[in-house]
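Coordinate analysis (summary)
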Amino acid sequence: MLTVVVSSLRTRWASLLGSFVAVALGVGVMAAMGLGLAETFDAPEREPRRFASSPVVVMGRDTLTVEVRRGPESAQVTKKLAHPHPVDARLLTELRELGRVRMDGTARDAVGVDAVGVDAVGVDAPVAAVREVVGDRARVLTGDDRRQADPSFEQDAEALVAVNSLLGTAAGVTAFVSVFVTASTFAFVVALRRREFGLLRLAGATPGQVRRVLLGEALAVGVVASAAGRALGAWGAPLLVRELVDGGVAPSWFALRGEVTWPYHVAFWTGVSVALSGAWAAAWRAGRTGPVEALREASVDTGALPWFRRAVGVVLLAGGLGLLAWKAGTDPADLLKRKTYTTRPMLLITAVAALAPLLVRPAVRLLALPLRPVRGSGATGLLVRENAAAAVRRTAAVAAPVLVTVALAGSLLGSASTVAAAKSAEARERTRADVVVTGEDLGAVRDSGALRALDARRAEGAAVSPSASTAVYVREEGSALVRSDARAVSDVAAFAAVSRLPVVAGDVRDLDDRSIVVNEEWERHEVGAWVRVWLGDGRPARLRIVAVLARGTGDNGAYVTTANAPGARVDRLEVRAGRGTDQSAVVAALRSVSGSGREVAGGTVEVRSAAEWLAATRPGTGAQTRLGLFVVLGIALVYAGIALAGTLLMATSARDAELRALRLAGATRGQVLGAVVGETLLAVAVGAGLGLAVTAVNLAGPASALGRLSAPVTVDVPWGVIAGCAGACAVIAGVTAGVATVVRMRAVKM
């Protein structure tokens, strides 16, 4: 049996080249991604920078810790405060009695600090003495923990999470697509080798021996390709990390340390498993080949979809559609999450790809309607249509990678764009302001004569609403501490005049210092109910719900008054000019007062019309999310090219008799070439059409979820990206088919 496997590999290496490249590339990508992931799991401890010369750092309280239930026991859950506590002047005075107190790592003493205080200071004193003085009024940091006072600490942590998400998603999609391509290649190999397997059966080979031949080929391909992929990953990992750092995705210090080896082992054995799993179904089918297949000459495919594959496709299709309907009915907000719309489409894509042989003929008939017999080119068009419909396996093998690429492009980017478009529409509907002023501290602008004069004309519809960014925390179901972003308003009447919130119950104008506005996402959202919350500085409060907002896309946060947002500074002024007031004149007056675009009080003040402000702050797909999606699409497109090239090279090499028959029937070389390329492009069109159908179903999920959440429904299909992916597949397929056909015709002297 080993001799048969080795001889088969030596003879048919070209037909297995596509699988070899797919597995090697997949292992290389997974090894590189795994090495990057390993660094995010065990990032090196960095030396403190801001207070490197101070043995002890005293930092204001910046977290809220609440006890929650964890099964029969309880646990402590910690959240970052929206408004951290400062190290106030009184504590600084006490610390100064212990030793030198440093600010921002400088040698000068922290003197002249006002009552507001500072966020952190370094203390040159014994840690025990510092802890005794500080007590529970602040945090005492020593050793590497001093780095928590560095401005880059939180940014680096967020960047590592982004890198982890990007690499994990890309590695998962790589595994999915590589299994798909390998399985498709081996399935087509079995279809082309029916006569060979029939001869083996005729010579006395058992079904088990035939299966072992194919699995032996797959094992050999998997081992060699995985070894090559491991070397490729070792070479590509430093390049990947460098690109992540240069692109601003990873922190500047992020690098490979060469201390981990588990990504190589995981990638290698995953590659071997991918090769074997991709060949398993094909091997089972090869074992069912009967001796009569040795006499088979017909080019029309029959039984192209075995019952097992049909059952798997139907189960996956039912599961994908059922999961979509279930989520839309029970938890529509989950369909708007990036993790959901990134992974859920895989189920439907796999289902439609599995059922592709069943869908090929009707799709070809539909797409080939224009190919009617007309003078000159009619015979070629008819031949293209009939060949594509008859050779179901070949057409399905070409259409499948196109289906995957188009469906991924439409589903992933389309879902992200649809959610972002809904958030933008939601933001537009929430405001009735004419002018918006933004900045870190707008106290001086708020007290300007221009705004006071405008605010005095409320009878004419004018209003000025200052607000500040804050947060509230609530313990839900006793087992989770949930942070809800909120805005604190100081003038409720003015706020009601400049906003148009999606209220489903109650009245926003009833908001006062003892109440809160929540949305339907809260566990308790009944008007009149009292809820226990923690405010942005961690202070507990008991507030009454006066209004409930629609859940929407998740951006409809809570609203409180400024009395319940201690430490929050006004960062937005929404201005409604009122009747008879020139909006441009208001913008000009405010810009002259605030110095729009210039640094004022440590921050940049911007005065913009509401339309300009909405355009500048429009919610969209984050740069890192878009990068991750395009990485996934790039991987899918590369695999599509590999699958198309390998499939068409194998298919053309097996069409010598068909091409010779066309030449004997009077077809010119150009007509033969046109028929082959036309059939290939028709198969690509079938794949693109099926991909668009999958995209439509996948985008129906976020659209239905937005409708159920009372959010604006705006479906955004990335036609440009879809057309680019389909066009790239068409070029690869057309060129490969054309070149392979010309080479075969010359080889057999047609």
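Check the entry above for the structure.
Residues numbered from 1 in each chain as written. Predicted model: local features only at pLDDT ≥ 70, side-chain atom pairs only at ≥ 80, totals over all residues. Heavy atoms only, no water.

1. Brief notes about the packing of helix α9 (residues 307–330) against helix α22 (residues 669–708)
- Their axes nearest at 9 Å, the elements α9 and α22 cross at an angle of 15°. The angle between α9 and α22 places the two elements in the roughly parallel class. Crossing handedness for the pair α9 and α22: right-handed. Taking contact as the criterion, the partners of Leu-321, Leu-324, Ala-328 and Gly-329 in α9 are, on α22, Val-697, Gly-701, Ser-704 and Arg-708.
- The residue makeup of the contact of α9 with α22, split by class, is 4 nonpolar, 3 polar and 1 charged. (Axes fitted to C-alpha atoms, helices over the stretch in contact; angles between N-to-C directions. Helix = DSSP H or I, 4+ residues; strand = E, 2+ residues; numbered from the N terminus. Parallel < 35°, antiparallel > 145°, perpendicular 65-115°, else oblique. Left-handed = near helix turned anticlockwise from the far one by under 90°. Contact = heavy atoms within 4.5 Å. Nonpolar A, V, L, I, M, F, W, Y, C, P; charged D, E, K, R; others polar.)

2. Regarding the environment of Gly-724
- Mapping Gly-724 onto the fold places it in helix α23 (residues 719–747).
- Given the relative accessible area of 40%, Gly-724 is considered partly exposed.
- Along the backbone, Gly-724 and Ala-409 are 315 residues apart, and their C-alpha atoms lie at a distance of 9.7 Å. (Buried < 20%, exposed > 50% of the residue type's maximum accessible area, 1.4 Å probe, protein only.)

3. Let's talk about the pattern of salt bridges
- With the rule as written, the count across this model stands at 16 salt bridges.
- For Asp-62, the salt bridge goes to Lys-80, with nearest N and O atoms at 2.5 Å. Remark: Lys-80 occurs in strand β3 (residues 73–80) and Asp-62 occurs in the loop between β1 (56–60) and β2 (63–70); sequence separation between them is 18 residues.
- By relative accessible area, Asp-62 is classed as buried at 2%.
- Close ionic contact of Arg-90 with Glu-94 constitutes a salt bridge, the shortest N to O distance being 3.9 Å. Of this pair, Arg-90 and Glu-94 both sit in helix α3 (residues 89–96), 4 residues apart, which is roughly one turn of that helix.
- For Arg-90, a relative accessible area of 63% puts it in the exposed group.
- By sharing partners, the salt bridges in this structure join Asp-62, Lys-80 and Arg-139 into a single network. (Salt bridge = Lys/Arg side-chain N within 4 Å of Asp/Glu carboxyl O.)

4. A few points about unusual backbone geometry
- With a phi close to 55°, Glu-477 is a non-glycine residue in the positive phi region.
- As for its placement among the helices and strands, Glu-477 is situated in the loop between β8 (463–476) and β9 (480–489).
- Positive phi outside glycine occurs at Ser-710, with the angle close to 60°.
- Here Ser-710 lies in the loop between α22 and α23.
- By relative accessible area, Ser-710 is classed as partly exposed at 49%.

5. Quick look at the packing of aromatic side chains
- Enumeration over the complete set of coordinates arrives at 2 aromatic pairs.
- With 5.2 Å between their ring centres and 40° between their planes, Phe-495 and Tyr-559 make a pair best called tilted. Taken together, the residues span a long stretch of sequence, with Phe-495 in helix α17 (residues 492–498) and Tyr-559 in strand β14 (residues 558–561) at a distance of 64 residues. Across this residue pair, the class does not change: Phe-495 and Tyr-559 are buried.
- Over the ring of Tyr-264 we find Arg-230, and its NZ or CZ is 4.3 Å from the ring centre. (Phe/Tyr/Trp six-rings, centres within 6.5 Å; stacked < 30°, edge-to-face > 60°. Lys NZ or Arg CZ within 6 Å of the ring centre and 35° of its normal.)

6. Here's the deal with the side chain of Thr-438
- Counting through the fold element by element, Thr-438 comes out in strand β7 (residues 435–438).
- Here Arg-608 takes part through its side chain, which lies 3.1 Å from a polar atom of the side chain of Thr-438.
- Excluding its chain neighbours within four sequence positions, the residues that come into contact with Thr-438 are Asp-571, Arg-572, Thr-604, Val-605, Glu-606, Arg-608 and Trp-613. (Polar contact = N/O pair within 3.5 Å; in protein donor to acceptor, adjacent residues only side chain to side chain.)

7. Brief notes about the packing of helix α11 (residues 345–354) against helix α12 (residues 356–367)
- Packing of α11 against α12 leaves a shortest axis separation of 5 Å and a crossing angle of 70°. Here α12 runs roughly perpendicular to α11, going by the angle between their axes. In contact with Val-352, Ala-353 and Ala-354 of α11, α12 contributes Ala-356, Pro-357 and Leu-359.
- Taken together, the residues that form the contact of α11 with α12 break down as 6 nonpolar, no polar and no charged.

These figures come from the coordinates and say nothing about function on their own.
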